[in-house]
Amino acid sequence: MPKAKTKHLDEFTEEEEKLDEGIPQKTVPNKFPTLSGFPYRIALIGEAPGKDEVSAGEPFVGQSGKLLSALLGKAGIVREACFVGNVCQVRPPNNKIESFSFNGPEITSGLSVLAADLANFKPNLCVLLGGTALRAFTGQLGITAWRGSILAGNLGTNTRTKCLPTLHPASV
């Protein structure tokens, strides 16, 4: 049986990206850990779900999620012991988070959901995957300048959380 050819994230044509325009937005909930008893409480925070995440109904299950899982494994971190979520829980048009205003309803409602979920999870570290998460937690811009730094961040609450910004798996 021939093997299906997979495409890199940036290989999709404009026509293929437009196929999902006009489809009602489906919310993809954040995912709480399915395993417990680990000495860490890590939250992995991305920007928004992609097509695979919308289909599966959970964050980071597409190409970026596979890379994220592999990188976590190399670091000795069990993904199933981590909270995995996004700043925005709906897929942006053409998979471009810039399509949404940062102060618009898609992101502000997503941040409210994320803040409530994180208040329940109580992470001791939030790994910020990309510039959108960096901005949401710290107000800073420029992920390449801040990646690898330990910053204090929050989501509009009085609770400060250690944050580690890094590149989003889709950009590596």
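Structure first, text after, so check above.
Residues numbered from 1 in each chain as written. Predicted model: local features only at pLDDT ≥ 70, side-chain atom pairs only at ≥ 80, totals over all residues. Heavy atoms only, no water.

Novice: Where do I start with helix H3 (residues 63-74) in this structure?
Specialist: Within an α-helix, residues lying three or four positions from one another point in the same direction, as the helix has 3.6 residues per turn. Between its first and last C-alpha, H3 extends 17 Å over 12 residues, near the 16 Å set by a 1.5 Å rise per residue. Those residues of H3 that fall on the buried side of the exposure criterion are Ser64, Gly65, Leu68 and Leu72. The arc that holds the buried residues of H3, viewed along the axis, is 95 degrees, so those residues lie on one side. Seen from the open side of H3, the exposed residues pointing more than 90 degrees away from its buried face are Lys66 and Lys74. (Helix = DSSP H or I, 4+ residues; strand = E, 2+ residues; numbered from the N terminus. Expected span 1.5 Å × (residues − 1). Buried < 20%, exposed > 50% of the residue type's maximum accessible area, 1.4 Å probe, protein only. Arc of directions from axis to C-beta.)

Novice: Is there a simple way to explain the packing of aromatic side chains in this structure?
Specialist: Where two aromatic rings form a pair, the distance of their centres and the angle of their planes describe that pair. Under the counting rule described, the total for this entry stands at 3 aromatic pairs. Between Phe32 and Phe83, the aromatic rings sit 5.2 Å apart at their centres with planes inclined by 80 degrees, giving edge-to-face as the arrangement. Highlighted residues: Phe32 in the loop between helix H1 (14-18) and strand S1 (42-46) and Phe83 in strand S2 (residues 83-86), separated in sequence by 51 residues. Taking relative accessible area as the criterion, Phe32 reaches 34% and is therefore assigned partly exposed. Note on Phe83: relative accessible area 0%, which makes it buried. Where Phe38 meets Tyr40, the ring centres are 5.7 Å apart and the plane angle is 35 degrees; that geometry is what we call tilted. What makes Phe38 partly exposed here is its relative accessible area of 32%. Assessed through its relative accessible area of 16%, Tyr40 is described here as buried. Ring pairs connect the aromatic residues Phe32, Phe83 and Phe121, which therefore count as one cluster. Its end group placed over the ring of Phe121, Arg41 keeps NZ or CZ at 4.3 Å from the ring centre. Sitting over the ring of Phe102, Arg135 keeps its end group 3.9 Å from the ring centre. (Phe/Tyr/Trp six-rings, centres within 6.5 Å; stacked < 30°, edge-to-face > 60°. Lys NZ or Arg CZ within 6 Å of the ring centre and 35° of its normal.)

Novice: Any chance you could explain the nonpolar core here in plain terms?
Specialist: One broad rule of soluble globular proteins: the nonpolar side chains tend to lie buried together. Judged by nonpolar contacts, the single largest core of 26 residues is most densely connected at Ile45, Ile107, Leu118, Leu128, Phe137 and Leu155. Looking at this core, the elements that each hand over two or more residues are S1, helix H4 (105-121), strand S3 (125-129) and helix H5 (131-138). At 6 residues, H4 tops the list of elements feeding residues into this core. Excluding residues within four positions of it along the chain, Phe137 makes contact with Ile45, Leu114, Leu118, Cys126, Leu128, Gly153, Asn154, Leu155 and Cys163. (Core = buried A, V, L, I, M, F, W, Y, C linked by side-chain atoms within 4.5 Å. Contact = heavy atoms within 4.5 Å.)

Novice: Sorry if this is basic, but what is going on with the environment of Leu164 here?
Specialist: Checked against the element boundaries, Leu164 lands in strand S5 (residues 161-166). Along the primary structure Leu164 and Leu125 are separated by 39 residues, whereas in three dimensions their C-alpha atoms are 7.2 Å apart. In this structure Leu164 touches Leu125, Cys126, Val127, Leu128, Gly148, Ser149 and Ile150, once residues within four positions along its chain are discounted.

Novice: Which parts of the structure should I look at to understand the environment of Glu106?
Specialist: Inspection of the secondary structure puts Glu106 in helix H4. For Glu106, a relative accessible area of 24% translates into the label partly exposed. Taking the C-alpha atoms as reference points, Glu106 and Val90, 16 residues apart in sequence, are found 7.1 Å from one another.

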